[in-house]
Amino acid sequence: MAWSRLLAWWRLCLGLLSVLVCLAPCVNLQPAENINYNLVHSWADKLGMELFHLGDFITRRKEVQESFKDAKVVSRNGASIVDSMAKEIEMMMDLKVSAVRRIMDTAENTALSHQNDMADKMFSYYSAKEMLEPGDPVPPIPTPAPDMDKDIGEPLIYVQPKVVVLEPRPEFHNTPVNFSVSSVHVPVNVFDRAPDVIKAIQWSENLDQIFRDNYKNDPTLSWQFFGSSTGFMRQFPASKWRKDVPVDLYDCRLRSWYMEAATSPKDIVILMDGSGSMLGQRLDIAKHVVKTILDTLGTNDFVNIFTFDKEVSPVVPCFEDTLIQANLGNIRELKEGIDLFRPKSIANYTAALTKAFELLEETKLSSRGAQCNQAIMIIGDGAPENNREVFELHNWRDPPYKPVRVFTYLIGKEVANWDDIRWMACENQGYYVHLSETAEVREMVLNYIPVMARPLVLGRHDHPVIWSQVYADIEDTKLSDHLWDINQCEHQKADVLEYWQVQGRMLEPSEMHRRKYRRMKETWNQPVDSNVYQFMTTVSMPIYDRRENALINLTTDINPAAKINLQVTRIANILGVAGTDVPINEIKKLLSPFALGVNGYAFIVTNNGYVLFHPDFRPIFQGYILKPAYNSVDMIEVELLDDDRPARDFNPVLMTIRDSIINQSTGSKWMLVKNHFDEMKRVARIKRQYYWTAIKKTPFTLVISYPEQYGVSHMDIRADQEIHRISIKGTNLRSVFSGKRWKIHPDWLFCKHSNRTFKTPEIELLYFLERMSEPGWRWPGSRSAMPPEHAAAMFSNNSSTGRYPSINEKESYYCDRQLMQALVFDARVTGWFSNNTSFNSKDDKGNEFKQRFGVTVAFLATHSGLTRWHEFHSNAAEESGVGETFSQNNTRAIDEIWYKRAVDQHFVREESFVYSVPFDAGESNSEILVTASHAVFHNEGGKTAPAAVVGFQFQHSALYKLFHNITGNACAVDDKDCYILDNNGYVIISTRVHETGRFFGEVNGAIMKRLLEENVYTQVTVYDYQAVCFESKNDNNASSMLLSPLFHLLRVGKWLLHTALWYIVQLLQWAPGVSSHYADMYGDSNDTEPPPPEPHPEHHARNGNGHGKKDDDLWLRYLTLHRTRLKPCDMKRELYTLFNEKDNVVYNMTAHACERPFVVLPIPFSNLILLVIDQLCPRDGSVVLTVNPQPIDYHLSVNDSLACYKQAREFNRMRPHSCISRHANESGIKLCGKACSVYANLGLLLLCHILSRWL
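The shown structure was predicted, so the numbers you read here are calculated from the model rather than taken from an experiment.

Undergrad: Which residues make up the overall build of the chain, and what values do they have?
TA: Of the regular secondary structure elements, the chain holds 39 helices and 44 strands. The long-range share in the chain, meaning contacts at least 24 apart out of those at least 6 apart in sequence, stands at 77%. Element-wise, carbon and sulfur atoms account for 54% of the exposed surface of the chain, whose accessible area totals about 57,700 Å².

Encoded structure:
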């Protein structure tokens, strides 16, 4: 009986189960009904309240707000601020110009007084590359005795290096220096014992005294230098030469500060002979000449290159019929074009010269180009005629003035037609050069600079002051390509080692994609603030030879028997250029960021529209490589208007503002803009106010900007709170900065001593607080002293005013009075924060919060740059490192991301915190910290201003546990996915921890797309006009195979390289001893990869019978280094932000089947949303939304590039005020280069005759 009942129950259960199975499809038709809207709503409310109470208790935000009750709120006057900042910068720059002018004047006088000195070839000087420090081993005297030098006809000279004591100095970025002497750098292509070189080194040693005096007058001076036209550079203070690359490539004459000071702006047309005779070494030399000429040009110059055979063609097709600005991007495009050039047939000099003259004439008539000097550079192996009629028609119409200079470069050892090509140069106020070796190219090309400088020198008294474009302190601009090549080689080495370890798994599509993505992420690393390079501008001034005549050896190479032919000749020589560096960081310190407030900034624009600096100026990528066009970033490429226009379709309003700025007008305007931040992964759309004014006597214009919503007002102190009044009342200023849990903004100028350095900004601040407490304290009137000559004039004209406090006084200093007043006030009213015992109280509520949330630190940052913090410890023992880690990474107050976001969030909801985690935090194995911040505003008289931001950091695991406790197991089952996302779409909480910090569109693109469609998020397109792309170096042009027989040899070499690589990897794979040694030598010492797997039997079988050839070819192709070159390009990012409309109806919508398989709700008092998704609905995995940069397709033709696209849409620019291109006395100077020798060689003549029949 019992068994029958049991059997009946069993049948009933089976029946019910079958019914459920049959009904399962019907249940799946309505899966989303399982998401209870009210339940999710309660989760969001509870989570929001828990977090808010935590933040409210930990940060004491109400008490902080109460602390600022005695402050007042005043309006911010943008016009007054920008005018005041511009005057400060102007005074500082005047001081630098004054120092350079004294160097220039001393150099000209010294050279004139030493004109009759004999060159001492045994003269000993401090060589930057050879000088020794005490204790360094003295190099032995070369033995055996040097042979006779064939070129100079006398023994080579050895002079023992001098010894100098060097000491690291923080103002020179800890470079060891000596302030008693200067050091001399001589390029590798210059012989330092040549008579003209060593003589200039001798007399220029007298500049040391003026260098020292300048530094005494202005201790803020950076490097001072004299760049000689002979090639060497004398630099003060003395220091050893730092090499960025294995070979010293530096030559001061190729730097922009030298070139732009030595010559006025230039329009240059380069003509390159394309005849069939220009092959082999001649072609190599010719290309080297062209590239060296390009290296001598700056952003105020314009250029184009044409090759000519039967026809005249531009090397870059889209640059035809125009001259292009010689910025880094365009120069790079021209160099790539010249690399692809191949000679063809007979050269038509007449057509080439006519094209060049017509282009220069058209440029001048249309008011384009430099509108100053004009020149034609001809590179060839001889001209069949002198084309006199062309010059008469275009260049000799207004004698004796010849508007276009002609410089000719004759290429080749054995050339006969030198006379015509030399005539072209000599009859057109140019210079002729004969080149037969690559090594002499640089020195010979630079001969054109003194010729173009002649009108400047003949003017004598006019010394133009030149301010350079921003540049990095590197030896050579080609360093970026060198570093990128090294990077690619390192990647290939890593791939070979990884293949040895993982073998076939490396070729799996997922692994290949992962590796490619990881390396692309490295290239996206574009830090705004980096100490890898020091960026600077340089002020320079030409130095003239004051002699009008000199005894010159006019011997030519035509008659070798005539050794000496000395004649008194009219000259106009440039001796060199004097200059001093002005670090960009030093200019930034004069800008008073405090006066602009949070999310306010300032930047400087040059006459070309390029930014000297800007908060979105990102000159490096991958953390350490300079971008190929890093210093030609236009202001409209970083100020992105929120107008939804396509890329490079710039708003006319912005273009009008740009024109006003480069014309150095004064004005103001408000604009709606898109500000990206936090590694270009977040964006804010705000209305900003802009003010601008000229920095007088410079080509620069200063622009300031701040948000209109909260930037129009700022905090200020009342009169009874000023420092001197509270000092009188007995307040000890140092006491308000007690303890160690505080820091000030490291980049702001609070108080600065001119003759003293301090270990930290905090120590310097305490020093000045003591000084302020002393009787007789006075606030300095300006950051920069007046130049000595101005101060002396003021004193002599009005002695009743007393002596002007110059910067060289023993106790010279500067303090920003307004900033210091605000800082001391903030420190007084917030002193309780770091020392508040309630943080460590043992009350139940405090302990509960600390234990439940794992709070590590609470912090406070004020608008005056003060940061305070308080650590929390889980036990009585002091846990070191918590506060230190925070204080090391979060000292920049209003410039911190969490500060800026908190202030923006205030206008979304006042009573709320901003929560964030590091990007891709889930991929790391370390403990994740959540940062929460809240803005404290002060209100008075209807005005409001941000006073401070409070916040705290706590453990992510605690937040996850809280979320799990609130939701129970509802989000732990397979049918639901729960996420907490921030206001930019990044995952804060996920059931899969590895997704923490990722962009949600990459996790679930289909749902993210729905959130966009329903206006939960808004998509904002941000353009990156400073991006870098990578173009293959392989030349796939089939014509190169026919034109160059060496191409086939290169293919053989490439095959040999591939074969060698194949054998190396096989050796690593099959020889355990060799492979282990290779891994020990070249592997990562912290390697965490698994050991090499055992070879699979199938693998042995394939290799044993030869069927693995296809696999071998696959990995060989993958591991072979495919070299790429850097290329400037444009990219865009699709970023996201919450649609912050109040009472958004989407938050009232419930889930509805698979039509809407989710519920989304805002988490109160935060920047977060709660998203619950029904996982039973089908998911479209093909939809992926990303915030990663994507290339912009401009639909260019095959031969066009971004440079072509930009050239067709070039912007206005303001020409430099100084242009000296002619002088009436220049026609009296006849020096134009020497002729070449022709030696009869019957064998060579016969060979040339035979080859001419075949070519």
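Read on, since the account is not over.
Undergrad: An account of helix 30 (residues 956-967) is needed here, citing residue identities and associated values.
TA: For helix 30, with 12 residues, the first-to-last C-alpha span of 17 Å sits near the 16 Å given by 1.5 Å per residue. Those residues of helix 30 lying buried are His956, Ala958, Leu959, Leu962, Phe963, Ile966 and Thr967. End-on, the buried residues of helix 30 take up no more than an arc of 165 degrees, which puts them together on one face. For helix 30, the exposed residues set more than 90 degrees away from the buried face come down to Lys961 and Asn965. Positive phi appears at Gly968, one or two residues downstream of helix 30, with a value of about 65 degrees.

Undergrad: How would you sum up the packing of helix 16 (residues 479-502) against helix 17 (residues 509-523)? Please name residues and give values.
TA: Packing of helix 16 against helix 17 brings their axes to within 13 Å, and their N-to-C directions diverge by 155 degrees. As summarised for this structure, helix 16 and helix 17 are arranged roughly antiparallel, according to the angle between their axes. Seen from above, helix 16 lies across helix 17 with right-handed handedness. Contact residues: Trp484, His491, Ala494, Asp495 and Glu498 in helix 16; Glu511, Arg514, Arg515, Arg519, Glu522 and Thr523 in helix 17. Taken together, the residues that form the contact of helix 16 with helix 17 break down as two nonpolar, two polar and seven charged.

Undergrad: Help me get a handle on the pairing of strand 27 (residues 682-694), residues and values and all.
TA: Summarising burial for strand 27: 11 of the 13 residues are buried, a large majority. Bridging between strand 26 (residues 667-677) and strand 27 involves 11 bridges; their strand directions are antiparallel. Looking at the pairing, Trp670 lines up with Gln689 of strand 27. Hairpin connection of strand 26 to strand 27: four residues between the antiparallel strands, including Asp678 at a positive phi of 55 degrees. Between strand 27 and the antiparallel strand that follows it, strand 28 (residues 701-707), lie six residues; Lys697 among them carries a positive phi value of about 65 degrees.

Undergrad: Tell me about the state of the cysteines, and please be specific about residues and values.
TA: With the rule as written, the count across this model stands at seven disulfides. Shown here is the disulfide that connects Cys426 with Cys1232, its sulfur atoms set 1.9 Å apart. Between Cys426 and Cys1232, the S-S torsion sits near 80 degrees, and that sign places the bridge as right-handed. Taken together, the positions of Cys426 in helix 12 (residues 418-426) and Cys1232 in the loop between helix 38 (1202-1207) and helix 39 (1242-1254) put the pair 806 residues apart, joining distant regions of the chain. A relative accessible area of 24% places Cys426 in the partly exposed class. The class for Cys1232 is buried, based on a relative accessible area of 8%.

Undergrad: Go over the environment of Ile1192, please, and point to the residues and values.
TA: Here Ile1192 is to be found in the loop between strand 44 (1190-1191) and helix 38. For Ile1192 and Lys1132, which are 60 residues apart along the polypeptide, the C-alpha to C-alpha distance reads 6.5 Å. Residues in contact with Ile1192, not counting those within four places in the same chain, are Ala647, Tyr1023, Asp1130, Met1131 and Lys1132.

Undergrad: How would you explain the pairing of strand 39 (residues 987-990) if you had to name every residue and give the values?
TA: Bridge analysis of strand 38 (residues 976-981) against strand 39 gives three bridges, and the strand direction is antiparallel. If you follow Tyr979 over to strand 39, its bridge partner there is Ser990. Linking strand 38 back to strand 39 in an antiparallel pair, the connection comprises five residues, with Gly985 at a positive phi of about 90 degrees.

Undergrad: With reference to specific residues and values, describe the packing of aromatic side chains.
TA: This model, assessed by the stated rule, comprises 54 aromatic pairs. Arranged with centres 5.1 Å apart and planes meeting at 85 degrees, the rings of Tyr767 and Phe768 form a pair that is edge-to-face. Among the aromatic residues, ring-to-ring pairing joins Phe52, Phe853, Phe913, Tyr915, Phe952, Phe954 and Phe1165 into one connected group. Taking NZ or CZ as reference, Arg60 lies 4.4 Å from the ring centre of Phe57, over its face.

Undergrad: Help me get a handle on the environment of Arg1213, residues and values and all.
TA: With respect to the helices and strands, the residue Arg1213 is situated in the loop between helix 38 and helix 39. By relative accessible area, Arg1213 is classed as buried at 18%. Ignoring any residue separated from it by four or fewer positions in sequence, one finds Arg1213 in contact with Thr299, Asn300, Phe302, Gln325, Gly369, Asn607, Asn608 and Ile662. A polar contact of 3.1 Å, which involves the side chain of Arg1213, links it to the side chain of Asn300. A polar side-chain atom of Arg1213 sits 2.7 Å from a polar atom in the side chain of Asn608.

Undergrad: Outline the sheet that holds strand 40 (residues 1017-1032), listing residues and values.
TA: One open sheet holds the three strands; their spatial order is 40-41-44, and the pairing between them is antiparallel. The open sheet has two edge strands with one neighbour each: strand 40 and strand 44. Packed on one face of the sheet, helix 16 meets strand 40 and strand 41 (1124-1138) and runs near 80 degrees to strand 41. Against the sheet, helix 32 (residues 1005-1013) contacts strand 40 and strand 41, and its axis sits at roughly 130 degrees relative to strand 40.

Undergrad: Residues and numbers for the side chain of Thr967, please.
TA: Here Thr967 shows up in helix 30. Side-chain polar atoms of Thr967 contact the backbone oxygen of Phe963, separated by 2.9 Å.

Undergrad: How would you explain unusual backbone geometry if you had to name every residue and give the values?
TA: The residue after Phe236, namely Pro237, is reached through a cis peptide bond having omega 0 degrees. Locating Pro237 in the fold gives a position in the loop between strand 8 (233-236) and helix 7 (256-262). Geometrically, the link from Pro399 to Pro400 is a cis peptide bond, its omega value of 0 degrees lying close to zero. Of note, Pro400 is situated in the loop between helix 11 (388-394) and strand 14 (404-411). One non-glycine residue, Gln664, lies in the positive phi region at around 60 degrees. Looking at the secondary structure, you find Gln664 in the loop between helix 20 (652-662) and strand 26. Taking relative accessible area as the criterion, Gln664 reaches 22% and is therefore assigned partly exposed.

Rules used in this analysis
Residues numbered from 1 in each chain as written. Predicted model: local features only at pLDDT ≥ 70, side-chain atom pairs only at ≥ 80, totals over all residues. Heavy atoms only, no water. Helix = DSSP H or I, 4+ residues; strand = E, 2+ residues; numbered from the N terminus. Contact = heavy atoms within 4.5 Å. Areas by Shrake-Rupley, 256 points an atom, 1.4 Å probe, with all protein chains shown as cover. Expected span 1.5 Å × (residues − 1). Buried < 20%, exposed > 50% of the residue type's maximum accessible area, 1.4 Å probe, protein only. Arc of directions from axis to C-beta. Axes fitted to C-alpha atoms, helices over the stretch in contact; angles between N-to-C directions. Parallel < 35°, antiparallel > 145°, perpendicular 65-115°, else oblique. Left-handed = near helix turned anticlockwise from the far one by under 90°. Nonpolar A, V, L, I, M, F, W, Y, C, P; charged D, E, K, R; others polar. Pairing = 2+ DSSP bridges. Disulfide = S-S within 2.5 Å. Phe/Tyr/Trp six-rings, centres within 6.5 Å; stacked < 30°, edge-to-face > 60°. Lys NZ or Arg CZ within 6 Å of the ring centre and 35° of its normal. Polar contact = N/O pair within 3.5 Å; in protein donor to acceptor, adjacent residues only side chain to side chain.

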